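Working through the structure, step by step
The primary structure of each chain is shown beneath.
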Amino acid sequence: MEWYNKGKNEVLKELKTDLSVGLSEKEAKRRLELYGKNQLETHTKKSVLSKLLAQFADFLIVILLLAAGVSAFVGEREDAIIILAIVVINAVLGIYQEGKAEKSVEALQKLSALSAKVVREGQLMVIPAAEIVPGDLVVLEAGDIIPADIRLLESSNLKVEEASLTGESVPVEKDAKSKIVGYVGIGDRHNMGFSSTIVTYGRGRGIVTATGHTTEIGNIAVKIQTYDDEETPLQLKLNQLGKVLGTLTIAICIIVFMVGILQGRHILKMVLTSISLAVAAIPEGLPAIVTIVLSIGMNRMAGKNAIVKKLLAVETLGATSVICSDKTGTLTQNEMTVVKAYVDDKILDVEGIGYEPLGDIKYKGKIVNLSSFPNLRNLVSIGSLSNDASLDNSSGMYKIIGDPTEGAIITFAGKLGQTSEQLNMVYPRVAELPFDSLRKMMTTFHSNYIDGKVVSFTKGAPDIVIKKCTKIALNGRVIDFTKELKEKVLSVNTEFARSALRVLATAYKVWDRLPEDPSFEVVENDMIFVGLVGMIDPPRPEVKKSIELCREAGIETIMITGDYKETAYAIAKDLGMVQYEHQAIMGDDLDNLSDEELREVVKETKVYARVSPEHKVRIVTALKENGHITSMTGDGVNDALALKKADIGVAMGITGTDVAKNTAEVILTDDNFATIVNAVEEGRIIFSNIKKFVFFLLSCNIGEILLVFISILVGWEVPLLPIQLLWLNLVTDSFPALALGVENAEPGIMKQPPRNTKDPILSKKMLGGIMFQAVAISFASLLAYYWAMKMYGTGRGLIHARSVVFTTIILSELLRAFSSRSQTFTLFKIGFFTNIRMVQAVFASFALTVVVLYIPALNEVFDVVPLTFRDWQIVVAFSFIPLVVGELYKDLFKNKVQYMKKRA
């Protein structure tokens, strides 16, 4: 049996605590040593050195380190230093945002209460919350943070804000006398209080049942630390690509080395040639470019209200196929709003957004005339006067201080020009009967309301208020509240409730003078019924369109909430997320499903209500096992596990707890679902651009390999030295690659389905294009090299010939960068100058090449000489070959696709 299943005496007996005396100091000290402090433990953090070493585990980095070692061994120190510098820069860029689990636990610790009121040795005392032990008697009042998990023993009108733990949108009523049989979810344990939740109303007393990591919040903290970070789709693809490139590099180096030896070339020269090939094959700038482009994407997303904490999460967003969203505050406004009213036998529509007191009240589409609704002002006056909330506009934004449902009524009154402050000045409160969970009503007494008499105003649960009324105020008259009229009002209440509205009824009673000893039975009977107000936390206006955009983009949207099924389903249906009731399921139903059964259920279910943190993790896991890239949004402690488990955790920046924000990879600064959709689009653009510069870099690198490889095979001298190849890969290619990283979105990017993350980063189309372009680059460079060797010879003129081929391959790659901006659309369609960054990058790379060619000090470093006018004519002529070939390939491929479609 759980603590919530046990009775008061059974709990006291099991925990060996006296209700009036509490624990002795000696016993409390013994239990503190036995159970430990009431705080969360953290795991040892990774050292900076271990994080740095982890960056060198990449296959390509290992090959580069070997190349640097061999270069240093044979005396090529400059090459070795440059290669090592590349490796170190990439490693430094790769260390970022580790230890999120540690930060999450730190945030959970901050949530905990700093001190607590306990009864020990018969005395009420305040002690540090860390010293609380199981069996301690804790005293609770409004405003207290509950210091540990407790079984309530006494409660009086106790309400607790549990939104961060359960997702419940309003404070939960607690009742120490509640008897619970069998298992129930956290949100339905009404006789329990949970660590780090906040008392908002009433008072209570309870006995501590769990502390530290054994509390509900502690359990979450432990699990956060046990979940390992999973590699993102991009990490997997880049690692896969790295292994393929690395294997090919080693194979090509061995083949070329053996060919050279068979040709009778010097071993040392062939070692240097093999290093040249290794350098040519590996796109050294790729890791840095990926990091920089993702960083640029992070900045762009930040401008669109999405702060991305983890670089690779930028791209993973683009692969998202399912978005699991919390309801309150993300899909909805998190502001209770009156949307319906029933008065004078008519149903009124109330317009307006949130707590701002602006909006029309309409009947059948027309703005109401107050003279036609004599009891409308009575309705809002009663709701505003029997009310403890207030409307605050001090920050320029309307906020509610107090209960959200009471705040909604005050806002409703404001739309009719009435404020609670004005009403209370004119009709001052002289007494009250506070709300309690048994009566489900609240009554206040006011003077001077009718003919100077005292009036009692009551609001509460409709079925109870209606039962307590014998009269009804109807169209300016007070008449008997007959059975037929009561049934009509109850049917309206049922209609409101079916629309997932939270409904309150209002009534009043006139007194000659204030009762001397007002009792509930006397005051809250024989009342005059006035009307109903129906309220809901409405959907955000922009969310419906965003969900439609998701549908067009092939992305499923799922609601996971701690709220009730009826409310969740009504909101989901309004937003177009569901069509049928069977698409919504309760958290309790998940407990009866095996993991295999759940994987089938998640294929159809779109709404999950009254779920626990463990349910959320199971749902996310099932979706991932079905092959989905899953994004999870949340704001509370209860969301932390699922945020960690999802491929992308998205936390709310405004309403989110520190725990959620530190666990998630993305934080929404506006708590808006529409921002997630914008971030997904940005992620798709970024992945598309990553493919473009990978396409560009690999075609350049393979072109360089073919140039060196073919030259060796035909018996020519090596056309490019390692330092020249490094210049090509790091400077010449990197600038255009970065420009490709900020390319604009291609048309229809959000009308395509999410990409299959199992597909390699290089599709067949891309591989064909890469080989086509690589052959064109190597062909143009070989022609230039052949011409230069014929022109200047291979002895002393070899440096000049290498200078010609060095410049040719640079210029051909720079021109080809323009063609790489799209694999589908030609330059004539997208325009030469629509990406100004590309123009700037090509100009900068070309200018640096000219500097290397014509500055004497750099001539010596790079083993080049200045080119003649005749050289430039040849260079320019041959450099245009890859660009022309690339554009022709697009047209040929496009025509082939169209032909295949016609045949199909």
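The following refers to the structure shown. Model, not experiment: these values are computed from the prediction. (Residues numbered from 1 in each chain as written. Predicted model: local features only at pLDDT ≥ 70, side-chain atom pairs only at ≥ 80, totals over all residues. Heavy atoms only, no water.)

**A look at the sheet that holds strand 23 (residues 556–560)**
Spatial ordering of the open sheet is given by 8-28-27-26-9-23-25-24, a layout of eight strands whose pairing is mixed. A strand with exactly one partner marks an edge of an open sheet, and here the two such strands are strand 8 (306–308) and strand 24 (584–586). Averaged over all neighbouring strand pairs, the angle between strand axes comes to 20°, with direction disregarded. Note: strand 23 against strand 25 (residues 607–609), two bridges, orientation parallel. (Pairing = 2+ DSSP bridges. Helix = DSSP H or I, 4+ residues; strand = E, 2+ residues; numbered from the N terminus. Axes fitted to C-alpha atoms, helices over the stretch in contact; angles between N-to-C directions.)

**Digging into the packing of aromatic side chains**
Under the defined criterion, the tally for this structure stands at eleven aromatic pairs. Consider the rings of tryptophan 716 and tyrosine 785, whose centres lie 5.7 Å apart with planes at 75°: the pair is edge-to-face. In this pair, tryptophan 716 sits in the loop between helix 27 (673–713) and helix 28 (722–732) while tyrosine 785 sits in helix 30 (residues 764–792), placing the two residues 69 residues apart along the sequence. With 6.4 Å between their ring centres and 45° between their planes, phenylalanine 832 and phenylalanine 833 make a pair best called tilted. An aromatic cluster is built from Phe818, Phe828, Phe832 and Phe833, whose rings are joined through pairwise contacts. The cationic tip of lysine 159 hangs over the ring face of phenylalanine 435; the distance from NZ or CZ to the ring centre is 4.8 Å. The ring centre of tyrosine 564 lies 4.1 Å from the NZ or CZ of arginine 610, which sits over that ring. (Phe/Tyr/Trp six-rings, centres within 6.5 Å; stacked < 30°, edge-to-face > 60°. Lys NZ or Arg CZ within 6 Å of the ring centre and 35° of its normal.)

**Quick look at the packing of helix 14 (residues 376–385) against helix 15 (residues 404–414)**
The N-to-C vectors of helix 14 and helix 15 enclose an angle of 140°; their axes lie 9 Å apart at closest approach. Between helix 14 and helix 15 the crossing geometry is left-handed. On helix 15, the residues touching Leu376, Leu379, Val380, Gly383 and Ser384 of helix 14 are Ile409, Ile410, Phe412 and Ala413. In terms of residue class, the contact of helix 14 with helix 15 is made up of seven nonpolar, two polar and no charged. (Left-handed = near helix turned anticlockwise from the far one by under 90°. Contact = heavy atoms within 4.5 Å. Nonpolar A, V, L, I, M, F, W, Y, C, P; charged D, E, K, R; others polar.)

**Let's talk about the environment of glutamate 681**
Among the secondary structure elements, glutamate 681 is positioned in helix 27. Glutamate 681 sits 69 residues away from methionine 750 along the chain, and the two C-alpha atoms are 6.5 Å apart. Those residues in contact with glutamate 681, other than ones at most four positions away along the chain, are Ile749 and Met750.

**Focus: unusual backbone geometry**
Its identity is not glycine, yet asparagine 157 carries a phi of approximately 50°, on the positive side. With respect to the element layout, asparagine 157 can be found in strand 4 (residues 149–161). Located in the positive-phi region is aspartate 526, a residue other than glycine, with phi close to 55°. As for its placement among the helices and strands, aspartate 526 is situated in the loop between helix 19 (520–523) and strand 22 (527–536).

**A few points about helix 14**
Of all ten residues in helix 14, eight are buried, a share of seventy percent or more. Here helix 14 has its buried residues at Leu376, Leu379, Val380, Ser381, Ile382, Gly383, Ser384 and Leu385. (Buried < 20%, exposed > 50% of the residue type's maximum accessible area, 1.4 Å probe, protein only.)

**So, the side chain of lysine 362**
When you line up the elements, lysine 362 lands in strand 12 (residues 361–363). Within the structure, lysine 362 has its side chain in polar contact with the side chain of glutamate 351 (distance 3.3 Å). Aside from chain neighbours lying at most four places away, what touches lysine 362 is Leu348, Asp349, Glu351, Ile367 and Val368. (Polar contact = N/O pair within 3.5 Å; in protein donor to acceptor, adjacent residues only side chain to side chain.)

**Re the pattern of salt bridges**
Within the structure shown, the criterion is met by 32 salt bridges. A salt bridge links glutamate 162 to lysine 174, with the shortest nitrogen-to-oxygen separation between them at 2.7 Å. Remark: lysine 174 occurs in the loop between strand 5 (172–173) and strand 6 (192–193) and glutamate 162 occurs in the loop between strand 4 and helix 7 (163–166); sequence separation between them is twelve residues. You'll find glutamate 162 and lysine 174 in the same group, each marked buried. Two residues, arginine 189 and glutamate 216, come together in a salt bridge whose shortest N-O distance is 3.3 Å. Remark: glutamate 216 occurs in helix 8 (residues 216–226) and arginine 189 occurs in the loop between strand 5 and strand 6; sequence separation between them is 27 residues. (Salt bridge = Lys/Arg side-chain N within 4 Å of Asp/Glu carboxyl O.)

On their own, these measurements won't tell you what the molecule is for.
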